[in-house]
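Here is how the chains run, residue by residue.
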Amino acid sequence: MKYSKLNLAKEAIAHKGFVKKIPDIFRMVNMWRKGAYPVKSMDLILPLVGLLYVISPIDIIPDFIVVAGVLDDLAVLSLTIPKLIREVDKFLLWEAEQKYSSETTKIIDADIVR
């Protein structure tokens, strides 16, 4: 079966509600750029660079090398998507704490449900 970057992107997007979290990713990056969201830069930049690598036509192993060309993209996706989703979940929890925090209430444990 021949894989293309478009098919790989479709598989990645289907990963655990990734599409639903895209607006949250943009909001997280925007809050981080403004300095409001405290996160290590590398925790945010590396997953985004990984996604750009997969989308980019420039690869370390070209896609015309059938198996190896696809495997490098899959390896990058398997590392970046879960990391980015974890960071978004941390951001949503931080955002909820900021929204609902007061002297009398504190969020100790929360499930993020969409």
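Before reading further, recall that the structure is shown in the block above.
Scope of this entry: the structure provided in the associated data block. A quick note: this is a predicted structure, and the numbers were derived from the prediction, not measured.

A word on the overall build of the chain. Per the secondary structure count, the chain includes four helices and zero strands. Put simply, the chain runs from its N terminus to its C terminus through helices and strands in the order α-α-α-α. Evaluated residue by residue, the chain yields a buried proportion of 28% over its 114 residues. Counting contacts in the chain only where the partners sit at least 6 residues apart, residues at least 24 apart contribute 60% of the total. For the chain, the accessible surface area stands at approximately 8,100 Å², while carbon and sulfur atoms represent 67% of it.

Turning our attention to helix H3 (residues 41-55). Compared with an ideal rise of 1.5 Å per residue, which puts 15 residues at 21 Å, H3 spans 21 Å between its outermost C-alpha atoms and is within 8% of the ideal. Here H3 has its buried residues at Leu44, Pro47, Gly50, Leu51, Tyr53 and Val54.

Rules of the game
- Residues numbered from 1 in each chain as written.
- Predicted model: local features only at pLDDT ≥ 70, side-chain atom pairs only at ≥ 80, totals over all residues.
- Heavy atoms only, no water.
- Helix = DSSP H or I, 4+ residues; strand = E, 2+ residues; numbered from the N terminus.
- Buried < 20%, exposed > 50% of the residue type's maximum accessible area, 1.4 Å probe, protein only.
- Contact = heavy atoms within 4.5 Å.
- Areas by Shrake-Rupley, 256 points an atom, 1.4 Å probe, with all protein chains shown as cover.
- Expected span 1.5 Å × (residues − 1).

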